[in-house]
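# Summary of the model geometry
This is what each chain is made of:
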Amino acid sequence: MNTLFNYAAWFASLCFVLAMIFALIRMFRGPAAQDRVLALDTLYINGMLTLLMLGIRSSSIVYFDMALLIALFGFAGTIALAKFLLRGEVIEP
Amino acid sequence: MTMNALPLWATLPAGMLLIAGGLLTLIGSIGLLRFPTFFQRIHAVSMGSTLGTGCVLIASMLVSSALLQRPVVHQILITMFIVMTAPVTAMLLMRAAVYRSRVRMDDEHDAAAEQKVES
């Protein structure tokens, strides 16, 4: 039964890495700026999920803090980029 | 603390949740790559990644609780954070896209009107 769980964990990691590759292709190919920002958003969420899979497989506690930090900074970056696309500046006077 | 200590009641739902989360996220990213317009892309991605993150974090909570023999709930922090922030980013990006497409359409309209006046 543990081999089954290992296969499931490997499958999920493979799915997340494939999703990261697709998001990277969209980030390089994207026709408009908002497509690239959306691809960056997908990329950091999938990177966070890959870290979480590492944490599940190695049963370590350090990876969750790293995943929380990636979620926090990725959110701040995406909000800043979207605000820049919307207004032309990030912090308005 | 090895994987051999994992009991059956945690292994089966955690494995199924991991497979479901991986498939959902992969489908969302395939939609990001394949759909033709921006609004279809953001629709596929935001739903897929939010559901996939929820599935993986619940599986992670199950596995750590079963390994440590006590309830471990600190993954719920990431879940709450993603659930709160994903709609905010999606809405800001959609507003930016609507604004930019409207500005571009206005510019084209003005250019066409100017050409008509000149000719």
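Before reading further, recall that the structure is shown in the block above.
### Brief notes about the interface of chain A and chain B
Every contact between the two is made by 42 residues of chain A and, on the other side, 46 residues of chain B. Secondary-structure elements contributing two or more residues to the side of chain A that touches chain B are helix H1 (2-29), helix H2 (33-58) and helix H3 (62-87) of chain A. Looking at the side of chain A that touches chain B element by element, the count peaks at 15 residues for H1(A). The class makeup of the residues in the side of chain A that touches chain B is 31 nonpolar, seven polar and four charged.

### With respect to H1(A)
Its 28 residues give H1(A) an end-to-end C-alpha distance of 41 Å, which sits within 8% of 40 Å, the value for a rise of 1.5 Å per residue. Residues of H1(A) that are buried include every one of A:Phe5, A:Ala8, A:Ala9, A:Ala12, A:Cys15, A:Phe16, A:Ala19, A:Met20, A:Phe22, A:Ala23 and A:Arg26, and no others. For H1(A), the elements touching its buried residues are H2 of chain A together with helix H1 (8-34) and helix H2 (38-68) of chain B.

### Quick notes on the packing of H2(A) against H3(A)
Residue and element names in this part refer to chain A. Between H2 and H3, the shortest axis-to-axis distance is 9 Å and the interhelical angle comes to 175°. Of the possible angle classes, the one that applies to H2 and H3 is roughly antiparallel. Where H2 approaches H3, its residues Ala33, Gln34, Val37, Leu40, Asp41, Tyr44, Gly47, Met48, Leu51, Leu52, Leu54 and Gly55 are matched on the opposing element by Tyr63, Phe64, Met66, Ala67, Ile70, Ala71, Gly74, Thr78, Leu81, Ala82 and Leu85.

### Section: helix H3 (residues 75-118) of chain B
With 44 residues, H3(B) extends 64 Å from end C-alpha to end C-alpha; this agrees with the ideal 64 Å at 1.5 Å per step. Roughly 25° is the biggest bend found in H3(B), and it falls at B:Thr85, with proline B:Pro87 one to four residues downstream. Considered for burial, the residues of H3(B) that qualify are B:Gln75, B:Ile78, B:Ile82, B:Ala86, B:Thr89, B:Ala90, B:Leu93, B:Ala96 and B:Ala97. The elements touched by buried residues of H3(B) are H2 and H3 of chain A together with H2 of chain B.

Here is what the cut-offs are and how they apply
- Residues numbered from 1 in each chain as written.
- Chains lettered and ligands numbered in written order.
- Predicted model: local features only at pLDDT ≥ 70, side-chain atom pairs only at ≥ 80, totals over all residues.
- Contact = placed C-beta atoms within 7 Å.
- Helix = DSSP H or I, 4+ residues; strand = E, 2+ residues; numbered from the N terminus.
- Nonpolar A, V, L, I, M, F, W, Y, C, P; charged D, E, K, R; others polar.
- Expected span 1.5 Å × (residues − 1).
- Buried ≥ 20, exposed ≤ 12 C-beta atoms within 10 Å, placed from the backbone.
- Axes fitted to C-alpha atoms, helices over the stretch in contact; angles between N-to-C directions.
- Parallel < 35°, antiparallel > 145°, perpendicular 65-115°, else oblique.
- Bend = angle between axes of the 7 residues up to and from the residue.

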